[in-house]
Each structure stands twice: as structure tokens, then as C-alpha cells.
Amino acid sequence: MNYFLIAGEASGDLHASNLMKELQRCDKKAEFHFLGGDLMQAVGGNLLIHYRKMAYMGVIPVLLHLRALLRIMRTCHKAIRDIHPDVVILVDYPGFNLKIAKYVKTKLHIPVYYYISPKIWAWKKYRIRSFRRYVDRMFCILPFEKEFYKNLNYSVDYVGNPSVDAVAAFREQPQVAKEVFCQDNGLDQKPLIALLAGSRRQEVKDNLPVMIAAAEAFPAYQCVIAGGPGLNMDDYLPVMGGKKIPVLFGQTYSLLSHSEMALVTSGTATLETALFRVPQVVCYYFGGGKLANFIFRHFFHVPYISLVNLIAGRQVVAELFGANFTVKQIVGEMSHLLEQPAYREAMLKGYDETAAILGQPGASQRAAWLIVESLR
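Residues numbered from 1 in each chain as written. Predicted model: local features only at pLDDT ≥ 70, side-chain atom pairs only at ≥ 80, totals over all residues. Heavy atoms only, no water.

Chemist: Quick one: what's the story with the overall build of the protein, residue by residue and with numbers?
Modeler: Tallying secondary structure elements over the protein gives 18 helices and 13 strands in all. Computed over C-alpha atoms, the radius of gyration of the protein comes to 21 Å, within 12% of the 21 Å expected from 2.2 N^0.38 for 376 residues, which places it in the range of a compact globule. C-alpha atoms of the protein, sized along the principal axes, occupy 60 × 45 × 40 Å. A total of 376 residues make up the protein; the buried ones form 53% of that total. Within the protein, contacts between residues at least 6 apart in sequence are counted, and of these 64% link residues at least 24 apart. When the accessible surface of the protein is summed, it comes to about 17,200 Å², and 54% of that surface belongs to carbon and sulfur atoms. The centroid of the 42 positive side-chain charges in the protein is displaced by 9 Å from the centroid of its 32 negative side-chain charges. (Helix = DSSP H or I, 4+ residues; strand = E, 2+ residues; numbered from the N terminus. Rg over C-alpha atoms; globule rule 2.2 N^0.38 Å. Buried < 20%, exposed > 50% of the residue type's maximum accessible area, 1.4 Å probe, protein only. Contact = heavy atoms within 4.5 Å. Areas by Shrake-Rupley, 256 points an atom, 1.4 Å probe, with all protein chains shown as cover. Lys, Arg positive; Asp, Glu negative; His and termini not counted. Charge placed at Lys NZ, Arg CZ, Asp CG, Glu CD.)

In C-alpha cells form, the structure reads like this:
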């Protein structure tokens, strides 16, 4: 069968590439055309547009690049028309993908599947109308989403979480000792604090300087930045204030596996950090200070911003954003984790609860099997 996939950012590239590998196992004649990234291209098929040309976050960046995005949209329309695949598989990235879904269903009448639901449970619940009209099947990766959509009279499949798969696959590989890891990357042998400032340039610009300032309050530790996929040193150097802090690309899991603690922006990285059982502080810049916290409390549909807390259904990790995103508050939380064993152990116990709720590896495999069986 012929599959057309669209992933508009780094995490989508990762999860879509794993789905493609499993589709190949289920369907020996699988052909792929896609908007995505290097990981999807490594699996094989025809990369039409790289996600780096699409990954804009926020109203102003999108408006500034609107003409380019509309051009990409038209290119995508034409490609799907010309290829006429057996199915279009959308991966998160709702602002772009839901417009594609509408076009594909109303103009081309090709089945539309969604892998990794957009976070409408946080806000923009009205998008459920588009799912009902234009999406034939939804494959979710967060356990609470099944009940959420059930309450909106929309049936979905929970297939498991691909981060569980990715971490399990990493742990199956031969592991390098911390001393060797540090030596290979030119690091000191001091305990490590990992800084995960996001996968977008704007996130790095907003979050990293405060993270660095907080980590510097602990000179007995060495802070190391996990370079985001799709980014390079030019994205980090301007916001590092001339400080010589190591930035490691393509080694986030290795870094987490050897870290004592992490400062993490909200997103998939918070869940991955939990699966590695690394105590963390979730810290995320939102413009507006106290206003941002007010808007979150009164206009969002969820009580937390981090996946760890959302899955556990309670606060496992501290979330410092808006007015709470300060060096002082981050340092205070870091002190609790580094100096109070009981506090640290409570977080690790919460991680174990989260992992149990997520279930066993196999998300990509289950999703691929359901996709192929339904199309057959």
C-alpha cells in the first residue's frame, strides 16, 4: 500500500519514523511519501519537504512565515492529488494537519488517519468537530485521551506511548559507563545536570538563559545542554552569554541516563526524563508573568502542563512557568531534589506510577497493525 505521512516537527519525525518501520513489517509492499525529517528519510521513501521549513511556534512566527506555509500547503495538496495514496497519516501538528485533513476528505475522498492526537484536551476543544468530519481513525498515545474523547462521543484507539518504546529500545543497547561517556564528550567527571530547553529555536531562546543561571548555583555539578533535533550550535551560542557549556546533539538519552537531575521544558521530554527516572524541574517561559498563570488556571482544560503530572493525575514534578519561571524558584526546587532524599524518592515513586499507567512497549507496532488491518 501507499502511505502519505505528515510530521511537522522533530518529535513527529521520530514517532512517524518508528511507525513507518512497523508498517514495513506489516506490509511488505509499503511505499512512503512524506513531509517530515531525517529519521523518516532514513527509513526510506520520498521526502517532499523537511519539517525545518514548517516548524514555527506561536502566532507571530506563523504570520511572518505565512506565505511560505501556504506555499507548502499547496505543494502538499498537489502531491497527495498526484500520488493518490491509500491513506494519509497525520502526526500531531494540528494547525497544518487539520487543514490537510479537510482537503483530503472533502476533495479527494482518501482515508485520513491521525497518529498522536493534538492536545485539544488542554485547549481548543472545538477542534473535535474537525476530527469528527475529516478524521476516520485516531490513534492516541496518552491513556487519559481515550476517556476524554469518549466523553465527546468520538471513538479512538489507545495504542501505548512511543516514548516507552524509544527508552526501552535504548536500554536494550550496550550501555557506556559514565566515565567513558564524559571522556568521549570532553566533560568533567562531576555529577551531571541535563538542560533540555526544547526543540524549537524560540523555546531555546526563552528558556535556556534562565536554566543556565539556575544550574550555575550548584558548582559541584556540571550542566550539559541536550541539543534539540533540527537545531545546531548557531541556535545555542547567541543565548549562552559567552559561557562555555557543552551542547551534545543526538545524545539526549545517553545524557539522561548519566544525569543526577534535569531541567526540562514541558513536552515529550518531561515524560522521557521520567522514564529514565531522573529527578526533574519542569520550567517553561510564558510571556505575561502572573497573567500567564491566570490564563492557564481559568482558560485551559487541564490542571497541569507536564505529561508526567497529567498521566499520573497528580503533581509528581514541580511546574515552574509564568510568574514562577524565575532563577530563585528553580534553584529552590533543585535544592530540594539534590539535598532531600525523601523528596527525591517521592518523585521517583511517582515516575513508577506513571510508567505503570502507560503500559508496555509496542505503541508503533500496535498502531501499524491497526492501520494495515483496517485498510485491508
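Chemist: Help me get a handle on the sheet that holds strand β8 (residues 192–196), residues and values and all.
Modeler: Taken in spatial order, the six strands make up an open sheet running β10-β9-β8-β11-β12-β13, and their pairing is parallel. Looking along the sheet, the strands with just one partner apiece sit at the ends: β10 (247–249) and β13 (319–321). Neighbour-to-neighbour, the strand axes of the sheet open up by a mean angle of 25°, direction not taken into account. (Pairing = 2+ DSSP bridges. Axes fitted to C-alpha atoms, helices over the stretch in contact; angles between N-to-C directions.)

Chemist: Can you break down the packing of aromatic side chains residue by residue, with the values?
Modeler: Scanning the model with the defined rule gives 14 aromatic pairs in all. Here W121 and F144 contribute two aromatic rings whose centre-to-centre distance is 5.0 Å and whose plane-to-plane angle is 85°, an arrangement assigned as edge-to-face. Here the residue W121 occupies a position in the loop between β5 (112–115) and α6 (128–134), and F144 occupies one in helix α7 (residues 143–150), the gap between them amounting to 23 residues. Note on W121: relative accessible area 5%, which makes it buried. Taking the relative accessible area as the measure of exposure, F144 reaches 23% and is therefore partly exposed. Pairwise contacts between aromatic rings join Y114, F131, F148, Y149 and Y154 into one cluster. (Phe/Tyr/Trp six-rings, centres within 6.5 Å; stacked < 30°, edge-to-face > 60°.)

Chemist: Outline the pattern of salt bridges, listing residues and values.
Modeler: Taken as a whole and assessed by the stated rule, the structure comprises 13 salt bridges. E260 is paired through a salt bridge with R344; the nearest N and O atoms lie 3.6 Å apart. A residue pair is termed long-range when its members are at least 10 positions apart, and E260 in strand β11 (residues 259–264) and R344 in helix α17 (residues 341–358) qualify at 84 residues. As a salt-bridge pair, E373 and R376 come within 3.5 Å of each other at their nearest N and O atoms. Several salt bridges converge on common partners, so that one network encompasses E9, R200 and E203. (Salt bridge = Lys/Arg side-chain N within 4 Å of Asp/Glu carboxyl O.)

Chemist: For unusual backbone geometry, give the residues involved together with the corresponding values.
Modeler: Phi angles above zero are rare outside glycine, and Y93 is one such case at about 45°. With respect to the helices, strands and loops of the structure, Y93 is situated in the loop between β4 (87–91) and α5 (94–108). Overall, the relative accessible area of 12% leaves Y93 in the buried class. With a phi angle near 80°, I116 is a residue other than glycine that sits in the positive phi range. Here I116 shows up in the loop between β5 and α6.

Chemist: Give me the state of the cysteines: which residues, what numbers.
Modeler: Overall, the coordinates contain zero disulfides when judged by the stated rule. Between C26, a cysteine without a disulfide, and C140, which holds the nearest cysteine sulfur, the sulfur-to-sulfur distance is 19 Å. Residue classification places C26 among the partly exposed residues on the basis of a relative accessible area of 24%. (Disulfide = S-S within 2.5 Å.)

Chemist: Residue-level account of the nonpolar core, with values.
Modeler: Nonpolar side chains tend toward joint burial in soluble globular proteins. Counting residues in each nonpolar core, the largest one holds 95 residues, and the members touching the most others are Y3, L5, I89, F96, Y115, F131 and Y149. With seven residues, the single largest contributor to this core is α5. Grouped together as the second largest cluster of nonpolar side chains are 42 residues, I245, V308, V317 and M334 included. (Core = buried A, V, L, I, M, F, W, Y, C linked by side-chain atoms within 4.5 Å.)

Chemist: Lay out the sheet that holds strand β1 (residues 2–7) with the relevant residues and their values.
Modeler: A sheet is described by the order of its strands in space; here seven strands give the open sequence β3-β2-β1-β4-β5-β6-β7, paired in parallel fashion. Two strands close off the open sheet at either side, each with one partner strand: β3 (46–50) and β7 (157–158). When β5 meets strand β6 (residues 137–140), the two strands line up parallel, connected through three bridges. Bridged to Y114 within β6 is M138.

Chemist: Could you give an account of the pairing of β5, naming the residues involved and the relevant values?
Modeler: Of the two faces of β5, the one holding V112 and Y114 and the one holding Y113 and Y115 are both buried throughout. Bridge count between β4 and β5: four bridges; the pairing is parallel. Among the inter-strand pairings, I89 is bridged to a residue of β5, identified as Y113. One crossover worth recording links β4 to the parallel β5 by way of α5, and it is right-handed. The handedness of the β5 to β6 crossover, carried by α6, is right-handed. (Right-handed = clockwise from strand over helix to strand, strands pointing away.)

Chemist: Could you give an account of a positive patch on the surface, naming the residues involved and the relevant values?
Modeler: A cluster of basic side chains, namely K102, K107, R129, R132 and R133, defines a positive patch on the protein surface. Of all the elements in the fold, those that place two or more residues in the positive patch are α5 and α6. Sorting elements by how many residues they give to the positive patch places α6 first, with three residues. Tracing the chain through its elements places R132 in helix α6. (Patch = residues over 30% accessible without salt bridge, like charges linked within 9 Å, V, L, I, M, F, W, Y side chains within 5 Å.)

Honestly, that's just the spatial picture; any functional story needs more than this.
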